[in-house]
Amino acid sequence: MALQQRHRILSHFPNIAYNIVALGASAGGQKPIIEILSALPADFPAAIIVVQHMNPLYPSRLAHILSRYTALRVEQAELGEIIRPGTVYTYVPDRHLVVNANGKLSLLESPKMNFVRPSVDKLFMSVGLNYGMRATAVILSGFGRDGALGVMAIKKYGGTTIAQDETYFGVLRYAFSSY
């Protein structure tokens, strides 16, 4: 009850930074993303943003796919949208996805970073800069070095970082249970 009331109050102030979780993965990361999201309750008190490396020539169906496996609201990111707790925002093909200080999403056509667009680094850097200690970055299966600089940015600004390994499911469940 207190959690719902807090969300209702904070929702009237769009410049207040909610907790945020940024997930980054390569093409093979869909299974762990589903595993993570399926374990989270519908009232999860953070916004979740997912960037995954996929072929930019095809539309993303990730929001539709993820919505079948989680109690959270799932939608593809839209330019200018204000992020909300309990909502998962997925990438847009061939656009960098970043979060601004006012909690609004931006979709950028800027040059590729680490040979990819969207870049996990771009997302993580924006989240670290704008959310500091309220940010959690989860790096799953990787492509090259994308995500390494972003993880350093999250740490620099006081956020939490989690990397995938053979025991990541248990670690993530434990980490997210503290929200």
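Model, not experiment: these values are computed from the prediction.

Caption draft 1: Up close: the overall build of the protein. Broken down by element type, the protein carries six helices and eight strands. Listing the helices and strands of the protein from first to last along the sequence gives α-β-α-β-α-β-β-β-β-α-β-α-β-α. Here the protein holds 179 residues, and 49% of them are scored as buried. Summed over its atoms, the accessible surface of the protein is roughly 9,100 Å², and 57% of this surface lies on carbon and sulfur atoms.

Caption draft 2: Structural detail: helix 4 (residues 120–131). Between its first and last C-alpha, helix 4 extends 16 Å over 12 residues, near the 16 Å set by a 1.5 Å rise per residue. Listed as buried for helix 4 are Val120, Asp121, Leu123, Phe124, Ser126, Val127, Gly128 and Tyr131. Residues of helix 4 that are buried sit in contact with strand 1 (19–25), strand 2 (46–52), strand 5 (96–99), strand 7 (135–139) and helix 5 (148–156). Between the side-chain oxygen of the N-cap and the backbone nitrogen of Asp121 there are 3.1 Å, and the N-cap of helix 4 in question is Ser119.

Rules and cut-offs
Residues numbered from 1 in each chain as written. Predicted model: local features only at pLDDT ≥ 70, side-chain atom pairs only at ≥ 80, totals over all residues. Heavy atoms only, no water. Helix = DSSP H or I, 4+ residues; strand = E, 2+ residues; numbered from the N terminus. Buried < 20%, exposed > 50% of the residue type's maximum accessible area, 1.4 Å probe, protein only. Areas by Shrake-Rupley, 256 points an atom, 1.4 Å probe, with all protein chains shown as cover. Expected span 1.5 Å × (residues − 1). Contact = heavy atoms within 4.5 Å. Polar contact = N/O pair within 3.5 Å; in protein donor to acceptor, adjacent residues only side chain to side chain.

So far we have only geometry, and geometry alone does not tell us how the molecule works.
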